[in-house]
Every structure is written in structure tokens, then in C-alpha cells.
Amino acid sequence: VWLAYALFALASSSYSSARALGIGSGVALLGISFASSRAAAGGTDLVWNYWRTTYLCASIIGLVSLAILAVAPLYARDLADPGAYRMRGITGSANSLGPIMAVGAILSISLFKLTQRTWQRYLYVMLGVMFVVALVLTNSRSTIIGFVVCLPFVAVVARRQWIWSVLVGLLVMSVSFALVLEPNLFKGLLAIFTELFSRSGHSQEITSMTGRSQIWAACWKLIKAQPWLGYGLGSVRVEIPKVFFDQWGNTAATAHNFFLESMISVGLLGTSLLLVVLFWSFAGLLRYVGSAQVGGSILDRELALVALRCMAMLLVHSMVERAYAGMAAPSTLILGLCAGTFVHLSLRRSMV
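What you see is a predicted model, and the numbers here were worked out from it, not measured in a lab.

A. Looking closely at unusual backbone geometry. If you check the backbone angles, Asn139 has positive phi at about 55 degrees while not being a glycine. As for its placement among the helices and strands, Asn139 is situated in the loop between α6 (118-138) and α7 (141-158). With a phi angle near 50 degrees, Ala323 is a residue other than glycine that sits in the positive phi range. Residue position: Ala323 is located in the loop between α14 (298-318) and α15 (330-351). By relative accessible area, Ala323 is classed as buried at 6%.

Written as C-alpha cells, this is what we have:
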């Protein structure tokens, strides 16, 4: 399914309004699908080497980004949002650097647990702290929330604490009812969220998802015009400016939502394939981690935990960012690695 999605996305570049970008990104998607397939069919050591290579790359990106911030702060800051003082590092965007740092922090936990050498444990702790600091400096709120949510969520699944899950769900429903029935309580909670998450200090930034609601409304106009095939891979940055811009001429180069980004890029046909990959892998990892009789080695178990944490984090992140949809990005690479890990673990279990 992942390969079919990559082939469809590459084919869609033939009618894209940004054909060169579409072809390049489509070839990258094909490469990710082949690498994921190789990981799925290879040994556990191969899969783990893929993850460790990802960790090494994330470490280099984080350390170099912090070094640039110390030496030349203006080059390390995201100038697209100058008032927020967000660190973009060497990636060019704070929202791109954030997920990379979150993946690094997630991997630090597993690497710390798997190693027995004291000096390596200290190294992983220091790198883990570095990743968290860098993540906070990006001020990528969707990634920070995703990272904070994924750890307790996977812990609950791994320990099979379903009673606690039901209780937490009931608590959330109760609070939601209270907010609906008592407007003053909602205003007070909104004020707290504004204080914590708003960069401008205005509640409208929170209620409009930092202006994303207007972008989403404009994206739906594009989707309604060509719902089945979309406008081609790479076309988002060309098509959105045609339907969305403010009084000063500012526009957006992304839909700020993975589903809308994918629908504009490859339409319902391509998006359906992406959704199958996404939710099949997520559901499979949930079953594996939450199973009472997991089987396999400690390394298998840790691989499943890493993949599930990364997918949970990316799911939250993708609600307000393009993440793994549309043109290939670091998040797309992580999704492919998570899917390959899920298939590898499933094949190993079927052989036992």
C-alpha cells in the first residue's frame, strides 16, 4: 500500500502546477517505500540500525542547530515568525526541526534502556536533554503537545491499564460537558490556554488555531473543485495562494493539516492509500504493544514502543501541520520507518 501511494503520488506530478517539485518528491517517496520494505523484510538488527542512523542524524542536526544559535542567533531563528523567537536551526523551519528533535528524544529513552554501559547511559541522558531543550526552543506547539501526549499514552497501552484509560476518557467527557454548560468556566480555561500557548497574547490566536481556520476554509474550496485526483504532488504552494491571502498579500505555502494537504496534492484516491498505511500501522502497533503475550525479544518490544510513540506524536502534530502528507519531509521518513517496523514485527510474530 505504501508503494502504491508513492507510485500514485509520483504519477500525479505529471499534472502538477509545480512539476519539478512533484517529480523530486515522488522519487523521494519511492525511495522511502523501498527502504521501508527492506527494513520490513530484513532482520531485527537492520531495522534497529535504521532507527540508530535516524538518531545519529537527529543528534547532528540538534547539536549543529544549537551551535548556530549560540554563534549566529539570527541565522538559527525562524524569520517567518520573528516575534516568537523560534529556533529553526539548519532545517529552515521551526515546525520541521520540532518533530526531528521529538523523535530524537523518544529514541534516547529506548537507547538508555537497552544499553548497559555507564558512559553510554550518560551520553543518552545528555543528548535526551539536548533534544528536549531544542524542541522547546522551536516553540512548535503541536510537536511539544504530541511529545507530551505520546509518552503517557503508550505507557498506558503497554501496561494494559484500560481501566485508567476509561476513567480518563470519562473525565474528559465530564470536563467537556461542564465547559458547554458553564460559559464562564470556558472563558477561564481559554484565558489559561491563551497565557500558555498564545504568542500574541490574544485568545483569537487559540480559537482560530493561529489563523489556520481561514487557511482550512480556503483549502476546502480547492478540494471541492478537484476532489478525486487533486492538483498533483508539489502543487500546494502554488494553488493555496490563489484562494487565500490577507489584506497585505500574505499567504500560506501549506494547508497546515495532513488530510487537507494530501487531498490537494493527490486527491481522495491518493489520500485513501495514505490513510490505510497510517491507521493500519498505528492499529497494528497498538495491538502489538498492548498484547498480553507479546513474545519476541526485548529489542522487538522496544522497537514497537519507539514506533508507536513516534506515530502518536506525529498524529497530534499532523492535525495542524502537513507532517507526512504531500511533499516528502522528515516526518514522511519516520512514518515509513514506523510502517516498516510494524510489518517486520508482524512477520516475526507470524513465524513464531
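B. How the structure looks around the packing of aromatic side chains. Tallied over the entire structure, the rule returns five aromatic pairs. Relative to Tyr124, the ring of Tyr55 lies with its centre 6.0 Å away and its plane at 70 degrees, an arrangement referred to as edge-to-face. Taken as a pair, Tyr55 in helix α3 (residues 44-71) and Tyr124 in helix α6 lie far apart in primary sequence, 69 residues in all. Linked through ring pairs, Tyr55, Tyr124 and Phe131 together constitute an aromatic cluster.

C. Spatial organisation of the pattern of salt bridges. Evaluation of the coordinates by the stated rule reveals four salt bridges. Residues Lys242 and Glu239 are paired through a salt bridge, measuring 3.5 Å at the closest nitrogen-oxygen approach. In this pair, Lys242 and Glu239 both sit in helix α12 (residues 236-243), three residues apart, roughly one turn of the helix. Note that Asp300 is salt-bridged to Arg348, the shortest N-O span being 3.0 Å. Of this pair, Asp300 sits in helix α14 while Arg348 sits in helix α15, and the two are 48 residues apart along the sequence. On the accessibility criterion, Asp300 (2% relative accessible area) is buried.

D. Spotlight on the packing of α3 against α14. The N-to-C vectors of α3 and α14 enclose an angle of 40 degrees; their axes lie 11 Å apart at closest approach. The angle between α3 and α14 places the two elements in the oblique class. In terms of crossing hand, the pair formed by α3 and α14 is left-handed. For the pair formed by α3 and α14, the contact residues are Thr44, Asp45, Val47, Trp48 and Trp51 on the first element and Leu299, Asp300, Leu303, Val306, Ala307 and Cys310 on the second. Its residues placed into classes, the contact of α3 with α14 shows eight nonpolar, one polar and two charged.

E. Examining the environment of Val27 more closely. Structurally, Val27 is set in helix α2 (residues 19-41). Between the C-alpha atoms of Val27 and Leu7, which are 20 residues apart in sequence, the distance is 8.7 Å.

F. Summary view of the confidence of the model for the protein chain. Put simply, the protein chain has an average pLDDT of 87, and 82% of its residues get 70 or more. By mean pLDDT, the top-scoring element of the protein chain is helix α1 (residues 2-12) (97), and the lowest-scoring one is helix α10 (residues 203-207) (46).

G. Summary view of the nonpolar core. Of all hydrophobic cores here, the largest spans 68 residues; its most connected members are Trp51, Met101, Phe131, Cys310 and Tyr324. Sorting elements by how many residues they give to this core places α14 first, with 13 residues. With residues up to four places along the chain from it excluded, the contact list for Met101 reads Ala58, Ile61, Gly62, Phe131, Ala134 and Leu135. Membership of the second largest hydrophobic core comes to 16 residues, among which are Trp216, Ile240, Ala252 and Met263.

H. View of a nonpolar patch on the surface. A grouping of Tyr15, Trp228, Leu229, Leu268 and Leu269 is seen on the molecular surface, where their side chains present a nonpolar patch of about 480 Å² in accessible area. Positionally, Tyr15 belongs in the loop between α1 and α2.

I. Seen up close, the packing of α2 against α3. One can describe the packing of α2 onto α3 by two numbers: an axis separation of 7 Å at closest approach and a directional angle of 140 degrees. Here α2 lies oblique to α3, going by the angle between them. Seen from α2, the contacting residues are Ala35, Arg38 and Ala39; seen from α3, they are Leu46, Val47 and Tyr50. Among the residues forming the contact of α2 with α3, the class breakdown is five nonpolar, no polar and one charged.

J. Molecular detail of the side chain of Ser13. The topology assignment puts Ser13 in the loop between α1 and α2. The class for Ser13 is buried, based on a relative accessible area of 4%. Sequence-distant contacts of Ser13, that is, excluding residues within four places in its chain, are made with Arg19, Gly22, Ile23 and Leu233.

Each value, and the rule that gives it
Residues numbered from 1 in each chain as written. Predicted model: local features only at pLDDT ≥ 70, side-chain atom pairs only at ≥ 80, totals over all residues. Heavy atoms only, no water. Helix = DSSP H or I, 4+ residues; strand = E, 2+ residues; numbered from the N terminus. Buried < 20%, exposed > 50% of the residue type's maximum accessible area, 1.4 Å probe, protein only. Phe/Tyr/Trp six-rings, centres within 6.5 Å; stacked < 30°, edge-to-face > 60°. Salt bridge = Lys/Arg side-chain N within 4 Å of Asp/Glu carboxyl O. Axes fitted to C-alpha atoms, helices over the stretch in contact; angles between N-to-C directions. Parallel < 35°, antiparallel > 145°, perpendicular 65-115°, else oblique. Left-handed = near helix turned anticlockwise from the far one by under 90°. Contact = heavy atoms within 4.5 Å. Nonpolar A, V, L, I, M, F, W, Y, C, P; charged D, E, K, R; others polar. pLDDT = per-residue confidence, 0-100. Core = buried A, V, L, I, M, F, W, Y, C linked by side-chain atoms within 4.5 Å. Patch = residues over 30% accessible without salt bridge, like charges linked within 9 Å, V, L, I, M, F, W, Y side chains within 5 Å. Areas by Shrake-Rupley, 256 points an atom, 1.4 Å probe, with all protein chains shown as cover.

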